[in-house]
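# Analysis of the macromolecular model
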Amino acid sequence: RELARERAHRSNSGGANGGGQGSGNNGDRHDPSAGRYPQGWSHTTEAQRLGALAYARAHIGDPYVAGADGPHAFDCSGLTSAAYRSVGWSMIQFSQSQFLAGLKIPLAQLRPGDLIFYAFDPTDWRTIHHVVFYAGSGMMVEAPHTGAFVQEVPIYSDGLVPFGVRP
């Protein structure tokens, strides 16, 4: 798993194309409205997004374990990838890759089941270190850090990337 993460990181940090799927604009992966953020696209249905969110909520109280992707322990990207896997959608377990692959959505337009990201520098996707589910009404579901448990909490703004992702 670590080798796969390293390969994904290397292929995604090499410029505007960032590896992964393009937006269909002659290979240009940048959406002008998203500034410096590479654009992906959405392949999931609303039912899949709501099902993934329901899976995450069903695991509230499970422990955070680095590198875990279920069924009874998760890290942040392990929770999102396991939840989407449960509804038939596969995604890599690496927060930066999850950001790159999906359709960028302004935070004000997020829907339940979309993903929210946190970065050391919110203007630079390469510093993303955390991914959570948008749960609606200003709430999120996350596997926060070692020693904590999957939880539903209010969205916090420190390090919040200005675009979420619709897988």
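Right above here is the structure, for reference.
Scope of this entry: the structure provided in the associated data block.

Parameters at a glance
Residues numbered from 1 in each chain as written. Predicted model: local features only at pLDDT ≥ 70, side-chain atom pairs only at ≥ 80, totals over all residues. Heavy atoms only, no water. 1 Å grid on protein atoms, 1.4 Å probe; cavity = no way out; pocket = protein on both sides within 12 Å on 5 of 7 lines; lining within 4 Å. Points joined across faces, edges and corners; volume = space filled by probe spheres on them. Helix = DSSP H or I, 4+ residues; strand = E, 2+ residues; numbered from the N terminus. Nonpolar A, V, L, I, M, F, W, Y, C, P; charged D, E, K, R; others polar. Contact = heavy atoms within 4.5 Å.

On to the layout of surface pockets. There is about 220 Å³ of room inside the largest pocket. Tyr64, Cys76, Ser95, His129 and His130 are the residues nearest the centre of the largest pocket, which is lined by 14 residues in total. Of all the elements in the fold, those that place two or more residues in the lining of the largest pocket are α3 (76–85), α4 (95–101) and β3 (128–136). The dominant element in the lining of the largest pocket, judged by the number of residues it contributes, is β3, at three residues. For the lining of the largest pocket, the residue count by class is six nonpolar, six polar and two charged.

With that settled, consider the environment of Gly147. With respect to the secondary-structure elements, Gly147 resides in the loop between β4 (139–142) and β5 (151–154). Note: C-alpha distance between Gly147 and Val65 (82 residues apart in sequence) is 8.1 Å.

Let us look at the environment of Pro71. By secondary structure assignment, the location of Pro71 is in the loop between α2 (46–58) and α3. Taking the C-alpha atoms as reference points, Pro71 and Ala82, separated by eleven residues in sequence, lie 8.0 Å from one another. Those residues in contact with Pro71, other than ones at most four positions away along the chain, are His59 and Asp62.

The values reported here are purely geometric and, on their own, carry no functional implication.
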